[in-house]
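# Fold and contact review
Chain by chain, the residues:
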Amino acid sequence: MIFYTEKILSNINNDSVKVVAATKYFNSDEMRELYKTGIHHFGENRIEILLEKQENLSDLDITWHLIGTLQTKKAKKIINSIDYLHSLDTIKLANEIQKRRVDALNCFIQVNISSEESKHGLNPDEVIDFIKEIRNFDKINIIGLMGMAELTSDEEIISNEFQKLNDLQLLIKKELNIDLLDLSIGMSNDYLIALKHNATYLRLGSVLFKKEVQ
Ligand SMILES: *Cc1c(COP(=O)(O)O)cnc(C)c1O
């Protein structure tokens, strides 16, 4: 496997932006190689696999992100094993985290910004009320918003979708006087657009590597 970490980091050219490698593409050995190239934030989609990889890589200083959907009934298995959750989008899940988590968990509220059919993420107009309901939960540290743009080559569509989160950041500041400065936006095909919309965490997978052909 060939990694393009250096090239991607030079494209990003901003030390305050963190690259979270989407690890669904990698086994534990490949993650160990990727770690050596300088990426230390790993984001997994599935909890069983995250726990397994965590065990295999316990000698490395990795920051663990859960970037996939977390079902409330599975939360207790994982909730004290991660550093960041990118997919908080129900009160039920927030209650479960509040009940089970030992210290405050860094959470992104997932917002549905794409016009594509998706069951995940709050609608933008639900976010203010959601924050009001959970803002006093001491086990939830709301650090920002997460969104996924439509899978399209039309940059204007993607840009408009990311802009919805920038507008929401302003609204949250105005209505609740809360600064949510972190934004988990940008994947392989749209991370350069995400940077123009103040992304602070990019979740990157396919752009990071190439499989060597034997
Ligand atoms: C796979 C995945 C990514 C990264 O996808 P690429 O397009 O390969 O960069 C980002 N976020 C989530 C939630 C993912 O599942």
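Look up: the structure comes first, before these words.
Residues numbered from 1 in each chain as written. Predicted model: local features only at pLDDT ≥ 70, side-chain atom pairs only at ≥ 80, totals over all residues. Heavy atoms only, no water.

Once that is clear, we can look at helix α6 (residues 127-134). All of the buried residues along α6 are Val127, Ile128, Phe130, Ile131 and Ile134. Seen along its axis, α6 keeps its buried residues to an arc of 160°; they face one direction. As for α6, its buried residues are in contact with β5 (84-88), α5 (91-100), β6 (105-111), β7 (140-147) and α7 (155-176). (Buried < 20%, exposed > 50% of the residue type's maximum accessible area, 1.4 Å probe, protein only. Helix = DSSP H or I, 4+ residues; strand = E, 2+ residues; numbered from the N terminus. Arc of directions from axis to C-beta. Contact = heavy atoms within 4.5 Å.)

This paragraph deals with the packing of aromatic side chains. According to the stated counting rule, one finds seven aromatic pairs in the structure shown. Relative to Phe209, the ring of Phe26 lies with its centre 4.9 Å away and its plane at 70°, an arrangement referred to as edge-to-face. Linking Phe26 in the loop between β2 (18-22) and α2 (28-36) with Phe209 in strand β10 (residues 209-210), this pair joins segments that are 183 residues apart in sequence. Between Phe108 and Tyr201, the aromatic rings sit 5.4 Å apart at their centres with planes inclined by 75°, giving edge-to-face as the arrangement. Here Tyr201 lies in strand β9 (residues 201-204) and Phe108 lies in strand β6, a separation of 93 residues in the sequence. Since its relative accessible area comes to 0%, Phe108 is described here as buried. An aromatic cluster is defined as three or more aromatic residues linked by ring pairs; in this entry it consists of Phe3, Tyr25, Phe26 and Phe209. (Phe/Tyr/Trp six-rings, centres within 6.5 Å; stacked < 30°, edge-to-face > 60°.)

Further remarks concern the pattern of salt bridges. Counted under the stated rule, the structure contains ten salt bridges. In this structure, the salt-bridge partner of Lys211 is Glu30, at a minimum N-O distance of 3.8 Å. Residue Lys211 is found in the segment after β10, and its partner Glu30 is found in helix α2; the two are separated by 181 residues along the sequence. A residue is classified by how much of its surface remains accessible, and Glu30, at 18% relative accessible area, is buried. Its salt-bridge partner being Lys74, residue Glu48 comes within 3.6 Å of it at the nearest N-O pair. Of this pair, Glu48 sits in helix α3 (residues 47-56) while Lys74 sits in the loop between β4 (63-66) and α4 (75-78); the two residues are 26 residues apart in sequence, bridging distant segments of the chain. (Salt bridge = Lys/Arg side-chain N within 4 Å of Asp/Glu carboxyl O.)

Among the nonpolar cores identified, the biggest contains 63 residues, and Leu85, Leu88, Leu145 and Ile172 are the most heavily contacted of them. Looking at which element gives the most residues to this core, the answer is α7, with six residues. Not counting residues within four places of it along the chain, the set of residues in contact with Leu145 comprises Phe108, Ile109, Val111, Val127, Leu165, Leu168, Gln169, Ile172, Leu180, Asp182, Leu183 and Ser184. (Core = buried A, V, L, I, M, F, W, Y, C linked by side-chain atoms within 4.5 Å.)

Close to the ligand lie Ala22, Lys24, Tyr25, Asn45, Ile67, Met148, Met187, Ser188, Arg203, Leu204, Gly205 and Ser206. For the ligand, an oxygen atom lies 2.5 Å from a polar atom in the side chain of Ser188. Contact distances for the ligand include 2.9 Å between a nitrogen atom and a side-chain N or O atom of Arg203. Relative to its free-state accessible area of 390 Å², the ligand is covered by the protein chains to the extent of 89%. Looking at side-chain class alone, the shell around the ligand contains six nonpolar, four polar and two charged residues. (Near = heavy atom within 4 Å. Polar contact = N/O pair within 3.5 Å; in protein donor to acceptor, adjacent residues only side chain to side chain. Areas by Shrake-Rupley, 256 points an atom, 1.4 Å probe, with all protein chains shown as cover. Nonpolar A, V, L, I, M, F, W, Y, C, P; charged D, E, K, R; others polar.)

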